[in-house]
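Secondary and tertiary structure notes
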Amino acid sequence: MQENLVIVESPAKAKTIGKFLGKNFTVTSCMGHIRDLEKKDFGIDLENNYQPKYVVSPDKKKIVTELKKLAKDAQMVWLASDEDREGEAIAWHLKEVLKLKPENTKRIVFHEITKEAIEKAIKNPRSIDDNLVNAQQARRVLDRVVGFEISPVLWKKVKPSLSAGRVQSVAVRLIVDRERDIMNFESDNWYRITGTFLTIDDGGNPAEVKAELNKRFPTKDEANAFLEKCRSAEFTIADVIKKPGKRSPAQPFTTSTLQQEASRKLNFSVAQTMSVAQRLYENGKITYMRTDSVNLSDLAINTAKKKITELHGENYVKIRKYQTKSKGAQEAHEAIRPTYMDQETVAGSNQEQRLYELIWKRTMASQMADALLEKTTVTISVSTAPEDFIASGEVIIFDGFLKVYMESTDDENLSSVAGQDIIPPLKANDSLDMASILATQRYSQRPPRFTEASLVKKLEELGIGRPSTYAPTITTIQNRTYVVKEDRPGIERAYNIITLKNDKITGKVKTEITGAERSKLFPTDIGMVVNDFLMENFEQIMDFNFTANVEKEFDDIAEGEKVWNEMIDKFYRPFHGQVENVLKHSERSKGERVLGPDPKTGKQVSVKIGRYGPLAQLGVANPETDDEKPQFASLRTGQHLETITLEEALDLFKLPRDLGEYENKKVTVGIGRFGPYIRHDNKFVSLDKEDDPLTVELQHAIQLIEAKREKERKAVIMEFDEEPELKVLNGRWGPYISYQKKNYKIPKKMKAEELSLEDCKNIISQSPEPKARGGRRKK
């Protein structure tokens with residue numbers, strides 16, 4: 001009989017922990033949650049205090065059998081799942097499913113995988129915390145109830161296969177609200193006045209002073225009139241103010257701040273950040289990565305102090321002990337930091353190395369001295385006008401923590417780099433020579449769209465979700481196609497510049513690109529329609545305060561201050577009645593919008609959500625007569641139900657468009673379920689992103705047809721006359737066998753180009769049955 005069995009969530013974590021334990025410990029993995037809620041009736045017994053109905057996940061049955069055998073043979077079972085609520089729930093499920101006896105079961109937690117932390121945990125075991133389990137259970141039950149009750153309403157009232165969720169729907173609302181703010185935004189413009197002045201520095205060399213006028217002019221005429229005044233003006237230093245300043249480092253990383261900063265600095269998605277951080281944690285490189293805490297242990301602080309002194313000197317050290325302000329910070333007692341502060345780099349993938357370096361720098365900077373600055377503000381008076389020019393500069397006197405790290409910002413219009421402008425020595429009443437003055441037309445900026453990072457920040461500010469929920473929420477709303485993350489090109493915009501130089505005023509028009517977006521979150525039409533339906537019929541679920549208050553109630557349950565099923569009951573009874581009412585009385589919603597009549601036929605033109613997405617409709621169906629049926633056309637990428645014009649919608653009905661003939665067969669262009677396409681010989685070829693189906697010509701269509709043929713020829717490695725359905729093909733992930741609409745992997749030791757028909761049949765017969773492409777599972 002083995003002495004000790006340690007159960008963790010993942011093989012990587014098991015492998016790392018196994019290195020630190022002796023031979024009398026066996027470490028194994030349960031591969032995450034081993035039980036799910038039943039699909040039938042929500043998986044919740046509504047008549048019995050909302051007790052969950054759990055079943056062992058089908059893919060975990062073999063693992064559970066093996067764990068039962070190992071547990072039976074062990075003298076002591078140590079449940080070492082993560083220290084947050086989800087980890088506590090996993091430990092509880094293991095205890096229940098494996099039928100572990102209390103006298104032979106111990107719960108251990110640690111927020112870093114080091115020898116010292118694990119040994120300390122084993123010396124200080126505890127029992128499973130039922131309050132934490134209940135808080136996680138309450139979250140699962142409430143989210144299941146909301147999703148399973150509202151989703152069928154959406155299927156009947158909006159479109160099949162839709163879903164809703166307590167947190168995901170509120171996240172979509174934030175993105176939809178922001179998009180409508182942008183749609184309704186009306187840009188204003190004004191003229192910004194900047195001047196370049198000349199003086200002499202201490203060395204007798206000419207030096208420039210750049211300044212901006214303390215007033216903006218709303219019109220070109222007013223800006224021009226000011227420049228006229230400046231032609232004969234004298235420019236004098238009215239005041240010079242120097243003030244000491246300082247910048248302090250950011251706190252160590254929490255889950256949300258790590259997600260935000262990795263997005264800004266490394267261009268990682270939120271899910272990518274959490275996946276890489278998980279690997280770093282499981283390999284013992286960083287502390288636990290799901291935490292609200294900004295606290296650092298004394299050991300970490302002392303190690304950081306020693307490393308900073310070694311690298312930069314004692315004057316760069318400033319010990320800071322940060323305190324976590326949020327109630328219910330998820331049971332992790334430290335910020336995210338390297339487990340060994342003296343290790344500047346780690347082995348691993350490029351992503352792991354980059355994220356580790358970010359965490360190391362942020363942690364080190366948090367224990368470093370403030371950056372000391374000198375801020376200089378110079379006021380320059382204009383003899384012929386009441387306005388003043390203001391020059392400001394910032395000089396770093398002592399770089400402090402900036403030597404290691406500077407936090408980024410979501411503000412696209414701000415620079416985070418200090419010390420850009422250095423102002424030469426000046427004193428009051430000095431005269432300056434004017435080199436040039438520019439009046440530049442500027443435009444007000446529309447509200448910025450959310451990035452994944454700024455959405456996480458907003459959710460945290462509103463108290464919606466917790467560290468473990470940010471990444472799955474953002475992934476879910478994209479997988480549901482309520483939101484897309486993409487780049488979009490800007491548009492060209494003209495602006496005026498008026499210049500005063502050498503006593504002459506000249507004007508010119510320049511152009512700039514505005515509105516370009518990179519990795520931004522955009523709501524889809526279906527996302528907006530679903531959001532509007534939920535806002536109209538389930539206002540409570542969509543209320544930011546409600547969602548935040550639910551999180552606080554989960555915190556109260558975790559603290560033992562509330563009973564979880566009483567909290568669920570208080571919510572469910574009125575909510576269920578509301579669902580029933582909406583099913584009976586609410587109107588079906590397709591986001592329909594009437595654009596007006598077609599000038600040629602007089603038929604009504606409208607847009608709405610169809611089976612395969614947003615579409616335009618020409619004409620109205622009349623079930624009582626046998627009149628001509630309406631025509632339908634899919635909206636193009638970038639077109640929206642709320643903003644498309646009548647003219648743009650009518651253009652869609654010019655498709656499909658006949659381009660001519662190729663190889664004695666018709667070539668047409670149109671827009672389908674998957675976007676714009678060319679059709680020839682009953683085969684479809686996608687248009688390139690930059691191609692416009694309304695203007696593309698036959699010659700380009702032929703090029704696309706031939707390019708696809710060439711690609712398909714290269715894809716075929718081998719065909720067999722005796723078995724026409726069997727082909728050896730080149731795919732995205734390498735060669736494979738295609739047979740009867742199913743794909744089979746070729747063993748690495750075999751060369752695809754040397755396979756015989758018999759080899760292929762042997763591979764097919766010995767392979768597990770693959771899933772048919774695009775098919776549904778048989779019940």
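One structure accompanies this document, and this report is about it. Note that the coordinates shown come from a computational prediction; the quantities given were computed from them, not determined experimentally. (Residues numbered from 1 in each chain as written. Predicted model: local features only at pLDDT ≥ 70, side-chain atom pairs only at ≥ 80, totals over all residues. Heavy atoms only, no water.)

1. A closer look at the overall build of the protein chain
What counts is decided by this rule: Helix and strand assignments come from DSSP, with helices taken as H or I runs of at least 4 residues and strands as E runs of at least 2, each series counted from the N terminus. Note on exposure labels: buried denotes an accessible area under 20% of the residue type's maximum, exposed denotes more than 50%, and partly exposed covers the range between, all computed with a 1.4 Å probe on protein chains only. Contacts are residue-level and defined by heavy atoms, with any inter-residue pair within 4.5 Å sufficient. Accessible surface is estimated by sampling points in the Shrake-Rupley manner with a 1.4 Å probe; for residues, cover comes only from the protein chains shown. We treat Lys and Arg as the positive residues and Asp and Glu as the negative residues; His and chain ends play no part in the count. A charged residue contributes its charge at one atom only: NZ of Lys, CZ of Arg, CG of Asp or CD of Glu.
Scanning the protein chain for helices and strands turns up 20 helices and 30 strands. Along the first, second and third principal axes, the C-alpha atoms of the protein chain reach 95 × 80 × 65 Å. Relative to its 779 residues, the protein chain shows a buried fraction of 47%. Within the protein chain, contacts between residues separated by at least 24 positions form 70% of all contacts whose residues are at least 6 apart in sequence. Of the accessible surface of the protein chain, which amounts to about 41,600 Å², a share of 47% is contributed by carbon and sulfur atoms. The positive charge centre, built from 123 side chains, and the negative charge centre, built from 119, are 4 Å apart in the protein chain.

2. Points about the pattern of salt bridges
Put simply, the rule reads: By definition here, a salt bridge exists when the distance from a side-chain nitrogen of Lys or Arg to a carboxyl oxygen of Asp or Glu is within 4 Å.
Applying the stated criterion across every chain yields a total of 54 salt bridges. In this structure, E710 and R713 form a salt bridge, with 2.7 Å as the shortest nitrogen-oxygen distance. Linking E710 with R713, this pair stays in helix α19 (residues 698-715), spanning three residues, or about one helical turn. Given a relative accessible area of 33%, E710 falls into the partly exposed group. Because the salt bridges share partners, they merge into one network encompassing E9, K13, D82, D84 and R290.

3. Describing empty space enclosed by the protein
Spelled out, the test is: Space inside and on the surface of the protein is sampled on a 1 Å grid over the protein atoms alone, with a cavity defined as a set of points where a 1.4 Å probe fits but cannot get out and a pocket as an open set with protein on both sides within 12 Å along at least 5 of 7 lines; lining residues have an atom within 4 Å of a point. Grid points are joined across faces, edges and corners, and a volume is the space filled by probe spheres set on the points. For this classification, Asp, Glu, Lys and Arg are treated as charged, while Ala, Val, Leu, Ile, Met, Phe, Trp, Tyr, Cys and Pro are nonpolar and the rest, including Gly, are polar.
On inspection of all chains with the given rule, the structure shows three cavities of 30 Å³ or more. Of the voids in this model, the largest cavity is the one considered here, and its volume is about 40 Å³. Within the residue set of the lining of the largest cavity, elements represented by two or more residues are α6 (168-183) and α14 (525-537). Considered class by class, the residues forming the lining of the largest cavity number five nonpolar, three polar and no charged.

4. Some thoughts on α6
Filter applied, for reference: Under the convention used throughout, the expected extent of a helix is 1.5 Å for every residue step, that is, one less than its residue count.
In a regular helix each residue adds 1.5 Å, so 16 residues correspond to 22 Å; α6 covers 23 Å between its end C-alpha atoms and thus fits that length. The buried count for α6 comes to twelve of 16 residues, which makes it a mostly enclosed element. Where α6 is concerned, the buried positions are Q168, S169, V170, A171, V172, R173, L174, I175, V176, E179, R180 and I182.

5. Considerations on the sheet that holds strand β25 (residues 675-680)
The test is simple: Any two strands with at least two DSSP bridges between them are considered paired. Only C-alpha atoms enter the line fits that serve as axes; for helices the fit covers just the stretch in contact. Angles between N-to-C directions range over 0 to 180 degrees.
Spatially, the four strands line up as an open sheet ordered β23-β24-β25-β26, and their pairing is antiparallel. Every interior strand has two partners, whereas the edge strands, β23 (657-662) and β26 (683-686), have only one. With direction set aside, neighbouring strand axes in the sheet form an average angle of 30°. Relative to strand β24 (residues 665-672), β23 is paired through five bridges, and the arrangement is antiparallel. Residue pairing across strands places R657 opposite V669, the latter belonging to β24. In the packing of α19 onto the sheet, the strands contacted are β23, β24, β25 and β26, and the crossing angle to β23 comes to about 65°.

6. A look at the side chain of R337
With respect to the element layout, R337 can be found in the loop between α10 (298-312) and α11 (350-366). Given a relative accessible area of 2%, R337 falls into the buried group. Among all residues touching R337, those that are not within four sequence positions of it are E112, K285, I286, T287, L296, S297, A300, I359 and T363.

7. Section: the environment of P630
Following the sequence through the fold, P630 ends up in the loop between β21 (613-618) and β22 (631-634). Using a relative accessible area of 15% as the deciding quantity, one classes P630 as buried. The spacing of P630 and K584 is 46 residues in sequence and 29 Å in space, taken between C-alpha atoms.

8. Section: unusual backbone geometry
Here the residue pair L655 and P656 is connected by a cis peptide bond, since its omega of -5° sits within 30 degrees of zero. Mapped onto the elements of the fold, P656 is located in the loop between α18 (646-652) and β23. Backbone geometry places D681, a non-glycine residue, at a positive phi of 55°. Looking at the secondary structure, you find D681 in the loop between β25 and β26.

9. A look at the sheet that holds β21
Pairing in this open sheet of four strands is antiparallel, and the strands run β19-β20-β21-β22 from one edge to the other. Of all strands in the sheet, those bounded by a partner on one side alone are β19 (593-597) and β22. Going from strand to strand, the sheet's axes swing by 25° on average, the running direction of each strand aside. Examined bridge by bridge, strand β20 (residues 604-610) and β21 share six bridges and lie antiparallel to one another. What sits directly across from I609, in β21, is P614.

10. Considering the packing of aromatic side chains
We apply this condition: Two rings belonging to Phe, Tyr or Trp (six-membered ring only in the last case) form a pair when the distance between their centres is within 6.5 Å. Interplanar angles under 30 degrees mark stacking, angles over 60 mark edge-to-face geometry, and anything in between is tilted.
Per the counting criterion, the structure on display carries 15 aromatic pairs. Aromatic side chains F571 and F575 sit 4.8 Å apart centroid to centroid with 20° between the ring planes, which places their arrangement in the stacked category. Of this pair, F571 and F575 both sit in helix α17 (residues 564-585), four residues apart, which is roughly one turn of the helix. The exposure class assigned to F575 is buried, which follows from its relative accessible area of 1%. Ring centres of Y677 and F684 lie 5.3 Å apart, and the angle between their planes is 70°; this geometry places the pair in the edge-to-face category.

11. Quick word on the packing of helix α5 (residues 130-157) against α17
Condition: For this classification, under 35 degrees means roughly parallel, over 145 means roughly antiparallel, 65 to 115 means roughly perpendicular, and everything else is oblique.
Contact geometry for α5 and α17: axes closest at 11 Å, N-to-C directions at 0°. Between α5 and α17, the interaxial angle falls into the category roughly parallel. Here N134, Q137, A138, V141, L142, V145, V146, E149, I150, V153, K156 and K157 of α5 lie close against α17, whose contacting residues are W564, M567, I568, F571, Y572, F575, H576, V579, V582 and L583. Taken together, the residues of the contact of α5 with α17 break down into 16 nonpolar, three polar and three charged.

Scope: geometric values only; no functional claims are made or implied.
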